[in-house]
Amino acid sequence: MGWGDMEPPNGSTAGQSDTCFGAFNASDSRTSAQTSITSPWFSTAFGLIGLCSNLFALCVLLSSSRKLSSQARSSFLVFLCGLVVTDFMGLLVTASVIIPYHFIKFAWAEVDPGCHLCNFLGFSMVFFGQCPLLLGATMAGERFFGINHPFSRSTSISKRRAWSIVGLVWGFSCLLGLLPVLGLGRYTLQYPSSWCFLTLLPDTGNVIFCMLFALLGIFSVLLSFIFNTVSVVTLCRVYHDRESVQRRRDSEVEMMVQLVGIMIIATICWMPLLIFIIQTVLQQLPASGRIQMLPTETQKMLLIYIRMVTWNQILDPWVYILFRRAVLQRIYPSLRPRPSIISLYPMFNPSLRRKLTTD
């Protein structure tokens, strides 16, 4: 995602409101592209930075997972790995369409008269956009139950089960992205003719799909906020409780710091776009059936918000890279490994202590 600020194509199919080329006036994009806020080369450079960052974070994750004996930490790393893979593939897939366009400058209407490429790009934008938000909520929920109800789970989440949950998130996001292909809403070429996304026009199908996409994203962010807030409060209570100071586990603090960082980045990068989508479709509802083209200012604002979303994929991997214990202990040498929660319960028999320690 985030490659939607390249130069416009050479086509002139803006009047085809019944296809993927009718969301804006393509003939005006040629002149406006010259005054674009961000040049194509600048955006391409940031895309490459995002790819390298996610690839580096993935290597660090794989290296860390081999050294872990904690099952809870291992499952958390699986979710993090799924998030990094999603961000990396999102940048890679969209770049594979946009960068060739930038150098070839093909006419969309000639190369893609059936809108298959546009649908693929729009699907990619929705799929790789919704996945990180859902994965963030899933990770927050897993940590919420792990911190607040450590003894209520009969077994902790294994790596296989964690990957299954990641697969379910991918599958759900895939179904969401396929809705326009199945007839609910449609993907259209967006200003300035370099990327495809959901259509903010006030017909029934587009409104339903836009609202579904935006509300689901907002719900994921709010759910992450609630889960993470409760988990942080719980850890703070444990931290300041002298009688149970040994319940602190550095790995839990580390995971929560990373989760809070991911949540803050997602909130800052995504909420403006999601709120903008809802405001746009609701404001246009009274004019349903009469608007066939998005206003110029709406097109430009949508492009700006998409650029903000790009930062989510660039910054996510650095949350894990920078907020690891190995890095934090160099900044704060006072951080030392501490006993686990089981040290408070010496009456447990050895086998139960081993099981709970693993959980």
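Residues numbered from 1 in each chain as written. Predicted model: local features only at pLDDT ≥ 70, side-chain atom pairs only at ≥ 80, totals over all residues. Heavy atoms only, no water.

### Re the UniProt feature "transmembrane region" (unreviewed entry) in the protein
So, step 1. Residues annotated by UniProt as "transmembrane region" (unreviewed entry) correspond here to residues 41-64, 76-101, 121-141, 162-185, 205-238, 259-282 and 302-323.
So, step 2. Secondary structure content for residues 76-101 is 100% helix and 0% strand, and the end C-alpha separation is 38 Å.
So, step 3. Across residues 162-185, the secondary structure splits into 88% helix and 0% strand, with the terminal C-alpha atoms separated by 33 Å. (UniProt positions renumbered as here; feature names shortened; annotations may be inferred. Helix = DSSP H or I, 4+ residues; strand = E, 2+ residues; numbered from the N terminus.)

### Some details on the packing of helix α5 (residues 116-148) against helix α6 (residues 159-182)
So, step 1. Across the interface, α5 lies against α6 with an axial gap of 8 Å and an inter-helix angle of 145°. Handedness of the α5/α6 crossing: right-handed. Across the interface between the two elements, F123, V126, F127, Q130, C131, L134, L135 and T138 of α5 pack against I165, V166, V169, W170, F172, S173, C174, L176, G177 and L178 of α6.
So, step 2. Among the residues forming the contact of α5 with α6, the class breakdown is 14 nonpolar, four polar and no charged. (Axes fitted to C-alpha atoms, helices over the stretch in contact; angles between N-to-C directions. Left-handed = near helix turned anticlockwise from the far one by under 90°. Contact = heavy atoms within 4.5 Å. Nonpolar A, V, L, I, M, F, W, Y, C, P; charged D, E, K, R; others polar.)

### Some details on α6
So, step 1. Taking 1.5 Å per residue as the helical rise, α6 with its 24 residues ought to reach 34 Å, and the 34 Å between its terminal C-alpha atoms agrees with that figure.
So, step 2. Inspection of α6 places A162, V166, V169, S173, L176, G177 and P180 among the buried residues, and these make up the whole buried set.
So, step 3. Positive phi appears at G183, one or two residues downstream of α6, with a value of about 120°. (Expected span 1.5 Å × (residues − 1). Buried < 20%, exposed > 50% of the residue type's maximum accessible area, 1.4 Å probe, protein only.)

### Some thoughts on the state of the cysteines
So, step 1. Inspection of the entire model under this criterion finds one disulfide.
So, step 2. Residue pairing for C118: its cysteine sulfur links by disulfide to C196, the two sulfurs lying 2.0 Å apart. Between C118 and C196, the disulfide has an S-S torsion of -120° and is therefore left-handed. Residue C118 is located in helix α5, and its partner C196 is located in strand β2 (residues 195-198); the two are separated by 78 residues in the primary sequence. Residue C118 shares its accessibility class with C196, and that shared class is buried.
So, step 3. With no disulfide of its own, C131 lies 8.7 Å from the sulfur of C174, the closest cysteine sulfur.
So, step 4. For C131, a relative accessible area of 0% puts it in the buried group. (Disulfide = S-S within 2.5 Å.)

### Notes on the pattern of salt bridges
Opposite charge on two side chains lets them pair, provided their charged atoms get close.
So, step 1. With the rule as written, the count across this model stands at one salt bridge.
So, step 2. The closest approach of N and O atoms between E142 and R143, which form a salt bridge, is 3.0 Å. We note that E142, like R143, is buried. (Salt bridge = Lys/Arg side-chain N within 4 Å of Asp/Glu carboxyl O.)

### Structural notes on the pairing of strand β1 (residues 187-190)
So, step 1. Of the strand pairs in this sheet, β1 and β2 are connected by four bridges, and their pairing is antiparallel. The residue bridging Y187 from the neighbouring strand is L198, located in β2.
So, step 2. The loop that links β1 with its antiparallel partner β2 comprises four residues; one of these, S193, has a positive phi angle of about 65°. (Pairing = 2+ DSSP bridges.)

### Points about a nonpolar patch on the surface
So, step 1. There is a patch of nonpolar side chains on the surface, built from F56, V253, V257, W318, L322 and F323 and spanning about 490 Å² of accessible area.
So, step 2. Elements supplying a minimum of two residues to the nonpolar patch: α8 (250-284) and α9 (296-322).
So, step 3. F56 sits in the partly exposed class, given a relative accessible area of 43%. (Patch = residues over 30% accessible without salt bridge, like charges linked within 9 Å, V, L, I, M, F, W, Y side chains within 5 Å. Areas by Shrake-Rupley, 256 points an atom, 1.4 Å probe, with all protein chains shown as cover.)

### Some thoughts on the environment of N54
So, step 1. Within the secondary structure, N54 sits in helix α2 (residues 40-65).
So, step 2. Residue class for N54 comes out buried when judged on its relative accessible area of 0%.
So, step 3. When the C-alpha positions of N54 and I314 are compared, they lie 7.5 Å apart, and in sequence the two are 260 residues distant.
So, step 4. Apart from residues no more than four positions distant in its own chain, N54 is found in contact with V84, D87, F88, L91, Q313 and P317.
So, step 5. A distance of 2.7 Å separates a polar side-chain atom of N54 from the backbone oxygen of G50.
So, step 6. In terms of polar contacts, N54 uses its side chain to reach the backbone carbonyl oxygen of Q313, at 3.0 Å. (Polar contact = N/O pair within 3.5 Å; in protein donor to acceptor, adjacent residues only side chain to side chain.)

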